[in-house]
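Observations on the three-dimensional arrangement
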Amino acid sequence: MSLWGGRFGGRIDETSGSPVITSLLERKIEKRPVRVRLQGRILFLTEDPELIKRQLAGEDLPWDTKNTANNPKLRDDISTDEITPAHYCFYFDETLGEIPYLGLKCGAVTPIGRGDVKRGGFVCAVSGNRRGKGSSREQSPYAEMCAGIRVVIAENIERIYKQNCQNLGLLTSTNFSLIDRIRAREEIALSEFTAGEDEITRQVIEYGGLFPFNVARMQGKVFLPPIRSASGTRAMTLAEKIFARHMINGNGEKNERGEVGIASVKPGDTGFARADLRFSHEYVTPMAAIFFEHYVGKDAKVNDPASILFFRDHLTFLDEVISEEKKKLGLLDLATQLKLKQQDFAKKQGIKLHGELTDRKGSEGICHSIVLESYALPGQLNIGSDSHTPHVGAIGCVAFGIGTTDVFNSWITKDVRVKVPESVRIVIRGKKHPNVTAKDFILKILSLDYVRSGKALAKVMEYSGEAIEELSVDERATMTNMAAEIGGFTGIVAPDRKAVDFLVERRGIDRKKAEAMVSGLYSDPGAQYAHVIELDAAEITPMVATPGDPGNGKYVRDLNAPVPVEIAYGGTCTAGKNEDMDMYALVLADALKHGTGVADSVRFYIQFGSQETRDYCVRRGYLDIFHKAGAQVIEPSCGACINAGPGVSTRPDQVVISAQNRNFPGRSGPGQMYLASPLTVAASAVAGYIVEYEPSEKTELVGA
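Residues numbered from 1 in each chain as written. Predicted model: local features only at pLDDT ≥ 70, side-chain atom pairs only at ≥ 80, totals over all residues. Heavy atoms only, no water.

A pair of packed helices is characterised by two quantities: the angle between their axes and the separation of those axes. Close contact between helix 20 (residues 473–481) and helix 22 (residues 497–507) brings their axes to 10 Å; oriented N to C, the two are set at 115°. On the basis of the axis angle, helix 20 is roughly perpendicular to helix 22. On helix 22, the residues touching Val473, Asp474 and Arg476 of helix 20 are Lys498, Ala499, Phe502 and Arg506. A per-class count over the contact of helix 20 with helix 22 returns three nonpolar, no polar and four charged. (Axes fitted to C-alpha atoms, helices over the stretch in contact; angles between N-to-C directions. Helix = DSSP H or I, 4+ residues; strand = E, 2+ residues; numbered from the N terminus. Parallel < 35°, antiparallel > 145°, perpendicular 65-115°, else oblique. Contact = heavy atoms within 4.5 Å. Nonpolar A, V, L, I, M, F, W, Y, C, P; charged D, E, K, R; others polar.)

Below, the structure is given as structure tokens:
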């Protein structure tokens, strides 16, 4: 299956200060037909696994579009982990067509097998609320397309997944009345799928995807709407100020020469924003590289390789946990090919690759950790191939996740399609309890009806209030990182003295330069917000998210009975930072002082987010504490969070408590995963069951 038509090569023309691939200017590009006929069956992804099995066996499920109460319940919160389980994302070709919904859980059952959807002749898949939440992996909609799906219908759709669908040419809708028309095999106007979309998104859909649209854009064939507020000023949120600084004021081919920066923006404004940094990891780079070489040319060069970063951070420890069954399927070999393809493309293009260690097993670090520690600056606009790219919002960046097609298009244009999002202001006032952390704050926010109902989707989460101001940059990064679990566009904290101190102490930046960077980076008085959430830190006690979803927040003290744990895991980008290590060390040192350590019934894994954090632990003497207490220390990698390293569960009845960011079904093995803060995870590892951390003496955490 071809996404966008034929292949073309080209040469590089260095005119106008930026490389222009001249063959793109000569390529014939046409819009897709104005009416579409979707010929095939409809797959309803219901909560009842038997109904799904009956559809796979050939039965067409009746569906009443007028009296919805008569219909069976659709599955809500279908994550991309369920659409394409992590191990199968090692494929980056049409083999993915055998994979869609392999991880879909209905109760305790996974009713869809390999190849079932493709064999079923389905053209449409229907589900409930918050479809496509979680990882930014474009393999998910690509797998659906390769299986024959041409349109997905859901009550609402997560931003990155929806944008990935649009970029590939997969149609999306929240209009359930289309079900009857698809079943009747009527011709449907393409405008049904562009209704309510902004001008640029409408044209992306009409051209059949982002790449053909961008080629038409280079040829001056598309219409880029002027940003109406550009000629005046208005009170703006912090995120809007940063968007305004990065929006390109130009059209078509002129985008390469267009001025960057306009006076102001408002929610709903659409255009292209120039990215300061673009990064990807080995899960995404190879697929993007193949797209680039196939549709642009094997000899073509990326635009400004100095502002592109690659990371080998996801699969470093995969060989230690992958099953024999998956090895026999060749998945470990495929994972190795991902690494090699990224290495080759990086070398060919002159792109910096943060790769594996040469003297021991492990990686230099997780992309988000390294970008915060070494690259991102306040006021920047950064894009990355991972939903947790908002991590660096902790120092006042607008940073957001994108899919494979966005990645490879950004290598050509150095910009990214943007619809300026609304902002939600989250104010946490007062003083937190000593055993409460940023993770408890974010689990509380995730449990709120406003978030769980999908009202926060695609919005900026702007965190503020006295309790946020008291957090270190490492802790703020936990808040901005997990804007991804909210389904937000990004998360951000206004940079202040703590951000300046971070840049000076951790990055070696001159203090005056750092202070100049943060100048003006705050929301204006009178800035408009879609919603304001106010919380009192004093009312929040240690929390967990019960298995299945990060939104299943509950206070530890409200668990009905003791929950014994077998595995405790502290690590990943969310909980592998310096201050997270302070917390693990605090709890374990306290245990050692009282003659105890990790419970005999628990395996406790601590995994660094980066080599810088490992070095920090060496300097602080934490490795000795970890080892004496009985924890197993692991070199940096995403590891267990992506089902690719020590700390994953191996049995459905196995209980895990983890400081990572997600506990979607199957995300980190078949077990029952509870999410919690580093303090709660470490305390539970010592107790053998889920408990709050209660220091034996009044002890304050030492800031990273």
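We now examine the sheet that holds strand 21 (residues 531–536). Taken in spatial order, the four strands line up as 20-19-18-21 in an open sheet, and their pairing is parallel. Strands with a single pairing partner mark the edges of an open sheet, and in this sheet they are strand 20 (490–493) and strand 21. Taking the axes of each pair of neighbouring strands and ignoring which way they run, one obtains an average angle of 20° across the sheet. Across the sheet, helix 11 (residues 238–246) touches strand 18 (423–429), strand 19 (460–464) and strand 20, and the angle it forms with strand 20 is around 105°. (Pairing = 2+ DSSP bridges.)

Position of Gly128 relative to the elements: it lies in the loop between strand 5 (122–126) and helix 5 (139–146). Residue Gly128 is classed as buried on the basis of its relative accessible area of 0%. (Buried < 20%, exposed > 50% of the residue type's maximum accessible area, 1.4 Å probe, protein only.)

The next point concerns the packing of aromatic side chains. Applying the stated criterion across every chain yields a total of 20 aromatic pairs. The interplanar angle of 55° and the centroid separation of 5.9 Å between the aromatic rings of Phe310 and Trp411 together place this pair among those described as tilted. Note that Phe310 is positioned in strand 13 (residues 308–311) and Trp411 in helix 16 (residues 404–413), a separation of 101 residues in sequence. Taken together, the aromatic side chains of Tyr142, Phe211, Phe291, Tyr295 and Phe408 make up a single cluster linked through ring pairs. (Phe/Tyr/Trp six-rings, centres within 6.5 Å; stacked < 30°, edge-to-face > 60°.)

At a minimum axis distance of 9 Å, the contact between helix 17 (residues 438–446) and helix 20 shows a crossing angle of 20°. Here helix 17 is positioned roughly parallel relative to helix 20, judged by the angle of their axes. Pair helix 17 / helix 20 crosses with right-handed handedness. Note on element contacts: helix 20 touches helix 17 through Glu475, Thr478 and Met479, opposite Ala438, Lys439, Phe441, Ile442 and Ile445. (Left-handed = near helix turned anticlockwise from the far one by under 90°.)

Counting buried positions along helix 9 (residues 199–207) yields seven of nine residues, so the element is predominantly enclosed. Considered for burial, the residues of helix 9 that qualify are Ile200, Thr201, Gln203, Val204, Ile205, Glu206 and Tyr207. Its side-chain oxygen at 3.0 Å from the backbone nitrogen of Ile200, Asp198 defines the N-terminal cap of helix 9. Just downstream of helix 9 lies Gly208, where phi reads positive at about 85°. (Polar contact = N/O pair within 3.5 Å; in protein donor to acceptor, adjacent residues only side chain to side chain.)

Right, let's get into the pairing of strand 17 (residues 415–419). Burial of strand 17 is extensive: four of the five residues sit out of reach of the surface. Here strand 11 (residues 270–274) pairs with strand 17 via five bridges, running antiparallel. Note that in strand 17 the partner of Ala273 across the bridge is Val416.

Another aspect to go through is the side chain of Thr46. Along the chain, Thr46 falls in the loop between strand 4 (41–44) and helix 2 (49–56). Within the structure, the side chain of Thr46 is placed 2.9 Å from the backbone oxygen of Asp48, a separation counted as a polar contact.

Another aspect to go through is unusual backbone geometry. Its identity is not glycine, yet Asp77 carries a phi of approximately 55°, on the positive side. Mapped onto the fold, Asp77 is located in the loop between helix 2 and helix 3 (80–83). A positive phi is found at Arg130, a non-glycine position, where the angle reads about 55°. Inspection of the secondary structure assignment puts Arg130 in the loop between strand 5 and helix 5. Relative accessible area serves as the criterion here: at 3%, Arg130 is assigned to the buried category.

Turning next to the sheet that holds strand 7 (residues 171–173). In spatial order, the strands read 4-5-6-7; together these four strands make up an open sheet with parallel pairing. Since the sheet does not close on itself, it has two edges, and those belong to strand 4 and strand 7, each with one partner. Neighbour-to-neighbour, the strand axes of this sheet turn through a mean angle of 20°, independent of strand direction. Summarising the sheet, strand 4 and strand 5 pair through four bridges and their orientation is parallel.

Our next topic: the pairing of strand 27 (residues 655–658). On a regular strand, one side chain projects to one face of the sheet and the next to the other, so that they alternate. Residue alternation in strand 27 divides its side chains into two sets, Val655 and Ile657 and Val656 and Ser658, and both sets are buried. Inspection of the sheet shows strand 24 (residues 567–570) paired to strand 27 by three bridges, in the parallel sense. Residue pairing across strands places Tyr569 opposite Ser658, the latter belonging to strand 27. Of the strand pairs in this sheet, strand 27 and strand 28 (residues 672–676) are connected by four bridges, and their pairing is parallel. Paired with Val655 across the strands is Gln672, a residue of strand 28.

Think of it this way: side chains of opposite charge can pair up when their charged atoms draw near. Summed over the entire model, instances satisfying the criterion amount to 52 salt bridges. The salt bridge partner of Asp81 is Arg137, with a shortest N-O separation of 3.0 Å. On the criterion of sequence distance, the pair formed by Asp81 in helix 3 and Arg137 in the loop between strand 5 and helix 5 is long-range, its members being 56 residues apart. Here Asp81 and Arg137 have matching classes, each one buried. We note a salt bridge from Glu612 to Arg506, for which the minimum N-O separation is 3.2 Å. Residue Glu612 is found in helix 26 (residues 611–620), and its partner Arg506 is found in helix 22; the two are separated by 106 residues along the sequence. One continuous salt-bridge network, built from bridges that share partners, spans Lys31, Glu199, Arg202 and Glu206. (Salt bridge = Lys/Arg side-chain N within 4 Å of Asp/Glu carboxyl O.)

Taken residue by residue, helix 22 has Ala499, Val500, Asp501, Phe502, Leu503, Arg506 and Arg507 as its buried positions. Its buried side turned inward, helix 22 meets helix 15 (367–375), helix 20, helix 23 (511–518), helix 25 (578–593) and helix 26. The N-cap of helix 22, judged by a side-chain oxygen 3.1 Å from the amide nitrogen of Lys498 a few residues on, is Asp496. Positive phi shows up at Gly508, right after helix 22, with a value of about 70°.

Any functional reading would require information that these geometric values do not contain.
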